[in-house]
Amino acid sequence: MARIIAITNQKGGVGKTTTSVNLSACIAQEGRRVLVVDADPQGNTSSGFGVRVREKTKTVYEVMAGEAALSDAAVKTGIDTLFVLPADIRLAGAEIELAGMERREHVLAEALAGAGDDYDYIFIDCPPSLGLITLNALCAADGVLIPIQCEYYALEGVSALMGTIQKVQRINRRLTIDGVVLTMLDARTNLGVQVAQEVRKVFKGKVFGTVIPRNVRLGEAPSHGLPISLYDPRSLGAQSYQALAKEFLSRV
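A short tour of the structure in this document, coming up. Bear in mind that the values here come from a model prediction, so they are computed numbers and not experimental data. (Residues numbered from 1 in each chain as written. Predicted model: local features only at pLDDT ≥ 70, side-chain atom pairs only at ≥ 80, totals over all residues. Heavy atoms only, no water.)

1. Considerations on the side chain of threonine 19
Line of reasoning, step 1. With respect to the helices and strands, threonine 19 occurs in helix H1 (residues 16–29).
Line of reasoning, step 2. Those residues within four positions of threonine 19 in sequence are excluded, and the remaining contacts are Ser24, Pro147, Thr183 and Tyr241. (Helix = DSSP H or I, 4+ residues; strand = E, 2+ residues; numbered from the N terminus. Contact = heavy atoms within 4.5 Å.)

Now the structure itself:
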């Protein structure tokens, strides 16, 4: 059965999508079968894999609405064992539609239920909010991965996220925190190092040893529709995510 991991942080700009794209790619290159679910209406994870979502493209919205099978909507990427379930602005309407439904927090879990034997890992890239889409991701997930940037106000909003996770654990008792990923570290500054130390104090053994640095090539890769491991496998960003993938597989 696939392990489902929600990658979430209600704070935007923390490297959530960058981690979703690049960690999943590196894990797939380690020989695992991986599905990435783009659950953000901005669709940045989809474009990060070079998936162009058009009007007739089947997306996570159609899968959640029961209008398309997951197997028909999952799109191949440049890595043989990696697929993406794309999203676009249509997903924004799902928040409103879900509000009036019974078992509204379980719609995504039910949509993914049949995919467990097809993949080893399913990563869900959540929107930067604690709305119904994120709630659906947490109810579907076995674990949570929290990217936190090594900058001032890094822990802002994390207490609200932890509160939400604790509430969801009453519904989804298998949900655990798989780990915290420190991102955007500028090791030349004292601030970045101090923030990393503070995050490690708060989350103790949950923080991955691999830290993702600020890297120009990481910023360039999405514009080419490629994960960093395909765009520039020798870059510091690629090496960091490859190391994180190995650490993830050894821990989770």
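Structure shown, so let's carry the discussion forward.
2. Considerations on the environment of isoleucine 122
Line of reasoning, step 1. Within the fold, isoleucine 122 resides in strand E5 (residues 121–125).
Line of reasoning, step 2. Along the backbone, isoleucine 122 and valine 37 are 85 residues apart, and their C-alpha atoms lie at a distance of 7.2 Å.
Line of reasoning, step 3. Not counting the four nearest positions on each side in its chain, isoleucine 122 is found in contact with Ala2, Arg3, Ile4, Ile5, Leu35, Val37, Leu112 and Ala115.

3. Notes on the sheet that holds strand E7 (residues 176–183)
Line of reasoning, step 1. Strands sit in the order E3-E4-E2-E5-E1-E6-E7 across an open sheet of seven strands; the sheet is mixed. Looking along the sheet, the strands with just one partner apiece sit at the ends: strand E3 (75–76) and E7.
Line of reasoning, step 2. Here strand E2 (residues 34–38) runs beside E5; their pairing, made up of five bridges, is parallel. Paired with leucine 35 across the bridge in E5 is isoleucine 122.
Line of reasoning, step 3. Helix H9 (residues 190–203) contacts strand E6 (143–149) and E7 of the sheet and is inclined by roughly 170° relative to E7. (Pairing = 2+ DSSP bridges. Axes fitted to C-alpha atoms, helices over the stretch in contact; angles between N-to-C directions.)

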